[in-house]
Amino acid sequence: MDVPSSWDALRKQARKLEAQLDEQMNLYRKLVSTKVSTKVDSQENDLESGIDRLLKQLQQVNMQMQDWVSSGGSEMVSHTLTRHQEILQDLTQEFYRLRSSLRAKQEHASLLEDFREFDRSRLDLEEGVDSTEHALLKEHAAISRSTGQMDSVISQAQATLGALVLQRSTFGGINSKLSNVSSRLPTVVS
């Protein structure tokens, strides 16, 4: 990417990148709304990497604009920079939201496929498949259920750990603030 030398060139480059991102985001929105497959395809990967690349380029342009404003830009220039930063933040948040929505859809489809497979194997069992295959399928289903339950417990434990770490940092911050206040204020002796 060439380095623009003026504010107008930076602004034009930012608007060009924003227009490209808007176009790519529209395609990605359509992909997310219509995708029902569990498989990640090349179109999805290409679109995600293209959007990610454009977001990074726009962030670089915004940083160059920030440098321009820091070196003595007017209030109007500062307002324009703020607007471009808000656009970047909005596009980034929407991209992450859409990507997580797509991953959730894929996981949901995968779970449904696993359930269908389990249901098919149960039907095969009911139709009288030989006993060793029946036992193996039963064992596989039990292992799958146990694995799902373990994943659930592990995710709950990770969420609890995250909450405890957050509480620890919060209490640590409160403790240091109280210590700071108590060191500045004299104690009242009764």
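All of the points below concern the structure found in this document. Note that the structure is predicted; figures quoted are calculated from it, not measured. (Residues numbered from 1 in each chain as written. Predicted model: local features only at pLDDT ≥ 70, side-chain atom pairs only at ≥ 80, totals over all residues. Heavy atoms only, no water.)

1. Quick notes on the nonpolar core
A general tendency of soluble globular proteins is for nonpolar side chains to be buried together.
Stage number 1. Leu-21, Tyr-28, Ile-51, Leu-55, Leu-58, Met-65 and Leu-91 are the most contacted members of the largest nonpolar core, which totals 25 residues.
Stage number 2. Of all the secondary-structure elements, those providing two or more residues to this core are α1 (7-34), α2 (42-70) and α3 (75-126).
Stage number 3. The leading source of residues in this core is α1, at nine residues.
Stage number 4. Beyond its immediate chain neighbours, meaning those up to four positions away, Leu-55 contacts Leu-21, Leu-88, Leu-91, Thr-92 and Phe-95. (Core = buried A, V, L, I, M, F, W, Y, C linked by side-chain atoms within 4.5 Å. Buried < 20%, exposed > 50% of the residue type's maximum accessible area, 1.4 Å probe, protein only. Helix = DSSP H or I, 4+ residues; strand = E, 2+ residues; numbered from the N terminus. Contact = heavy atoms within 4.5 Å.)

2. Things to note about the packing of aromatic side chains
Stage number 1. Enumeration according to the criterion identifies two aromatic pairs in this entry.
Stage number 2. Consider the rings of Tyr-28 and Phe-95, whose centres lie 5.5 Å apart with planes at 50°: the pair is tilted. With Tyr-28 in helix α1 and Phe-95 in helix α3, this pair connects stretches of sequence that are 67 residues apart. Taken as a pair, Tyr-28 and Phe-95 share a single burial class, namely buried.
Stage number 3. Ring plane angle 40° and centroid distance 5.7 Å describe the contact between Phe-95 and Tyr-96, whose orientation is recorded as tilted.
Stage number 4. Residue classification places Phe-95 among the buried positions, given a relative accessible area of 0%.
Stage number 5. Residue classification places Tyr-96 among the partly exposed positions, given a relative accessible area of 42%.
Stage number 6. Chaining the aromatic ring pairs together yields one cluster made of Tyr-28, Phe-95 and Tyr-96. (Phe/Tyr/Trp six-rings, centres within 6.5 Å; stacked < 30°, edge-to-face > 60°.)

3. Considering the side chain of Glu-48
Stage number 1. Note on placement: Glu-48 falls in helix α2.
Stage number 2. Polar contacts involving the side chain of Glu-48 include one to the side chain of Tyr-28, which spans 2.6 Å.
Stage number 3. A polar contact is formed between the side chain of Glu-48 and the side chain of Arg-103, at a distance of 2.9 Å.
Stage number 4. Ignoring sequence-local partners within four residues, the contact set of Glu-48 consists of Tyr-28, Phe-95, Arg-99, Leu-102 and Arg-103. (Polar contact = N/O pair within 3.5 Å; in protein donor to acceptor, adjacent residues only side chain to side chain.)

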